Amino acid sequence: MSQFAFPETFLWGAATSAHQVEGNNIRNDWWKWEEEGRFSDRSGKACDHWNRFREDFKLAKSLRHNAHRFSIEWSRIEPEEGYFDPEALEHYREVIRSLKSNGLEPVVTLFHFTLPLWLAREGGWLSARAPELFKRFTAKVVEVLGGEVSYWVTLNEPVVYVFKSYLAGDWPPGERSYEKAYLVFVHLLKAHVLAYDAIKDSIAILNPEKARVGIAQHVSFFSPCYTDSWKDKLSVWLRNLIFNHLFVKALIRGRIFYPGIFRIRLRRSKTLDFIGLNYYTRSFVHNRGLRIPGIYGDICPVGHHPDVIRRNSLAWEIYPLGFFQLVKDFSRYKLPILIAENGICTRQDSERSQFIVDHLRELGRAIEWGAPVIGYFYWSLLDNYEWADGFEPRFGLIEVNYKTQERTIRPSALLYAEICKTGVLPVSI
Ligand code: FCB
């Protein structure tokens, strides 16, 4: 395995999202919640990446990355309904220019958890207009930036978003309703299909060969809490279907029908050119009955599970084998797979080095097996604002001093740089 070389055309890089790094995204729903004191930390200036992106991309280049994933902040582009801010558009044009001049292939995400306040006030993704509004925003972005971008991620982790924002109530708008969650799920699917067409139509004029469109799907490896419980296994199967596969399946097939649970029909099928996967951890599932919602099971706390050996600083289990299994599993769709996020938060940087090598080893095994993987993006380039968990978790290849905004390259970043450069894993780890 130590001899394995990743494909020469492989995309190597790191990912960020606008609200987590830019700073001062004052016109979105997250900022509003932060103002209301709902979280312990406020994003504030974050990494001031809005002003420092050139410096950050130079660092990425020096770390031998050849690609970079970032998101465009809708609330900056369209601060009021129907008004598209030329300065914000120009800013992102400059971001892409800067990436290109550093030899970094841009991978652009259009929705990464934050909504413009005007839309949030109208009901956000619950609004029947949301898919069309997302399409209009997408079309505008593509009109201005499209000629330079080959990889588009319409939605980041739609199912996580639905869960956190509409079932658990942890993220804005803080809803806890199955009906609303279902509706948002459907609207997100529709939004993707509309955005897919908008990107394809517009790029057909600019550069027909270029646009590849996907989503970034969060995948978790599910294991039964009790290995000999058939009920736990049933819940594992259902979780895997709903949490990992359903959204992707719906986009590929154009419809999903599971009696009594899902009945969705989209305008058309096959609106994924690649599948983005975000992988972090394994979860143990414990069944709570044979009806909804008990059949979905509960997540049993990892701390209590005897199989758990390593965890990150947010107590998520580190389980590289799950990465191998899931990448293999998603190969069934016969679409290129882009690892859009994979990373660890830790204050012990040697754990990050180990994490990267262990996960890339599993990814290499999956590729050798035949998985069509085209790239890997470590989460994240910089330490950043980890949503409800604030600034405490440290995910970055590059450390950020939030007082001075000083950047310091961590040793793990250098190790990753060597892998990006050679396409080969170090033997010694
Ligand atoms: C993912 C999110 C990303 C980041 C990482 C740690 O679920 O897409 O923004 O928060 O987790």
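Calculation notes
Residues numbered from 1 in each chain as written. Predicted model: local features only at pLDDT ≥ 70, side-chain atom pairs only at ≥ 80, totals over all residues. Heavy atoms only, no water. Helix = DSSP H or I, 4+ residues; strand = E, 2+ residues; numbered from the N terminus. Rg over C-alpha atoms; globule rule 2.2 N^0.38 Å. Contact = heavy atoms within 4.5 Å. Areas by Shrake-Rupley, 256 points an atom, 1.4 Å probe, with all protein chains shown as cover. Lys, Arg positive; Asp, Glu negative; His and termini not counted. Charge placed at Lys NZ, Arg CZ, Asp CG, Glu CD. 1 Å grid on protein atoms, 1.4 Å probe; cavity = no way out; pocket = protein on both sides within 12 Å on 5 of 7 lines; lining within 4 Å. Points joined across faces, edges and corners; volume = space filled by probe spheres on them. Core = buried A, V, L, I, M, F, W, Y, C linked by side-chain atoms within 4.5 Å. Buried < 20%, exposed > 50% of the residue type's maximum accessible area, 1.4 Å probe, protein only. Pairing = 2+ DSSP bridges. Patch = residues over 30% accessible without salt bridge, like charges linked within 9 Å, V, L, I, M, F, W, Y side chains within 5 Å. Salt bridge = Lys/Arg side-chain N within 4 Å of Asp/Glu carboxyl O. Nonpolar A, V, L, I, M, F, W, Y, C, P; charged D, E, K, R; others polar. Phe/Tyr/Trp six-rings, centres within 6.5 Å; stacked < 30°, edge-to-face > 60°. Disulfide = S-S within 2.5 Å. Polar contact = N/O pair within 3.5 Å; in protein donor to acceptor, adjacent residues only side chain to side chain.

I'd like a rundown of the overall build of the protein, residues and numbers included.
Counting its regular elements, the protein contains 13 helices and 13 strands. Taking 2.2 N^0.38 as the reference for a compact globule, 429 residues should give roughly 22 Å; the C-alpha atoms of the protein span a radius of gyration of 20 Å, in line with that estimate. In the protein, of all internal contacts separated by at least 6 residues, the share reaching a separation of at least 24 is 74%. When the accessible surface of the protein is split by element, carbon and sulfur atoms take 51% of a total near 17400 Å². The protein carries 55 positive and 50 negative side-chain charges, and their two centres are separated by 5 Å.

Let's hear about empty space enclosed by the protein: which residues, and what values?
In total, this model carries 2 cavities of 30 Å³ or more according to the counting rule given. Of the volumes computed, that of the largest cavity is approximately 90 Å³. Elements supplying a minimum of two residues to the lining of the largest cavity: α3 (49-62), β2 (67-71) and α5 (86-101). Ranked by residue count, the leading element in the lining of the largest cavity is α3, at 4 residues. Taken as a whole, the second largest cavity encloses approximately 30 Å³ of empty space.

Give me the nonpolar core: which residues, what numbers.
One finds Trp125, Trp152 and Leu363 to be the most contacted residues of the largest nonpolar core, which totals 131 residues. Sorting elements by how many residues they give to this core places helix α9 (residues 178-206) first, with 12 residues. Sequence-distant contacts of tryptophan 125, defined by excluding residues within four places in its chain, comprise Trp74, Phe111, Leu115, Ala130, Pro131, Phe134, Tyr161, Tyr166, Val184, His187, Leu188 and Ala191. Listed in part, the 15 residues of the second largest apolar core include Leu11, Ala216, Tyr280 and Trp379.

Explain the pairing of strand β6 (residues 255-258) to me, using residue names and the numbers behind them.
Relative to strand β7 (residues 262-265), β6 runs antiparallel, the two being bridged by 4 bridges. Paired with tyrosine 258 across the bridge in β7 is phenylalanine 262. A loop of 3 residues connects β6 with β7, the two strands running antiparallel in sequence, and glycine 260 in this loop sits at a positive phi of about 80°.

Help me get a handle on a nonpolar patch on the surface, residues and values and all.
A surface patch of nonpolar side chains, amounting to about 470 Å² of accessible area, comprises Trp230, Leu234, Trp237 and Leu290. Looking at the element boundaries, leucine 290 is found in the loop between β8 (274-286) and β9 (298-300). Among the residues examined, leucine 290 registers a relative accessible area of 49% and is labelled partly exposed.

So, the layout of surface pockets: which residues are in play, and what are the values?
Its boundaries defined by the atoms lining it, the second largest pocket holds a volume of some 220 Å³. Lining the second largest pocket we find 18 residues, and of these Asp29, Trp33, Ala120, Pro172 and Pro173 sit closest to its centre. Of all the secondary-structure elements, those providing two or more residues to the lining of the second largest pocket are α2 (29-35), α6 (117-121) and α8 (158-167). Here the lining of the second largest pocket is composed, by residue class, of 10 nonpolar, 2 polar and 6 charged.

Requested: an account of the packing of aromatic side chains, with residues and values cited.
Counted under the stated rule, the structure contains 39 aromatic pairs. Centre to centre, the rings of phenylalanine 185 and phenylalanine 262 are 5.5 Å apart; their planes meet at 45°, and the pair counts as tilted. Within this pair, whereas phenylalanine 185 is found in helix α9, its partner phenylalanine 262 is found in strand β7, the two being separated by 77 residues in sequence. A residue is classified by how much of its surface remains accessible, and phenylalanine 185, at 5% relative accessible area, is buried. Take phenylalanine 262: its relative accessible area is 9%, and that puts it in the buried class. Seen in terms of ring centroids, phenylalanine 391 and tyrosine 402 are 4.5 Å apart; in terms of plane orientation they differ by 50°. Their pairing is tilted.

Break down the state of the cysteines for me, citing the residues and quoting the values.
Inspection of the entire model under this criterion finds 1 disulfide. One disulfide bridge connects cysteine 225 with cysteine 300, the sulfur atoms lying 2.1 Å from each other. Between cysteine 225 and cysteine 300 the sulfur-sulfur dihedral comes to about 130°; the bridge is accordingly right-handed. Taken together, the positions of cysteine 225 in the loop between β5 (212-224) and α10 (230-253) and cysteine 300 in strand β9 put the pair 75 residues apart, joining distant regions of the chain. On the accessibility criterion, cysteine 300 (11% relative accessible area) is buried. You can see cysteine 47 has no disulfide; the closest cysteine sulfur is in cysteine 345, sitting 15 Å from it.

Outline the side chain of serine 177, supporting the account with residue identities and numerical values.
Relative to the helices and strands, serine 177 is located in the loop between α8 and α9. The exposure class assigned to serine 177 is buried, which follows from its relative accessible area of 15%. Polar side-chain contacts of serine 177 include one of 3.4 Å to the backbone nitrogen of glutamate 179. A polar atom in the side chain of serine 177 sits 2.9 Å from the backbone nitrogen of lysine 180.

Talk me through unusual backbone geometry; I want residue IDs and the actual numbers.
Omega for the peptide link from proline 172 to proline 173 comes to 10°, which places this bond in the cis form. Looking at the element boundaries, proline 173 is found in the loop between α8 and α9. The residue after isoleucine 292, namely proline 293, is reached through a cis peptide bond having omega 5°. A positive phi is found at glutamate 157, a non-glycine position, where the angle reads about 45°. As for its placement among the helices and strands, glutamate 157 is situated in the loop between β4 (151-156) and α8.

These figures capture arrangement, not role.
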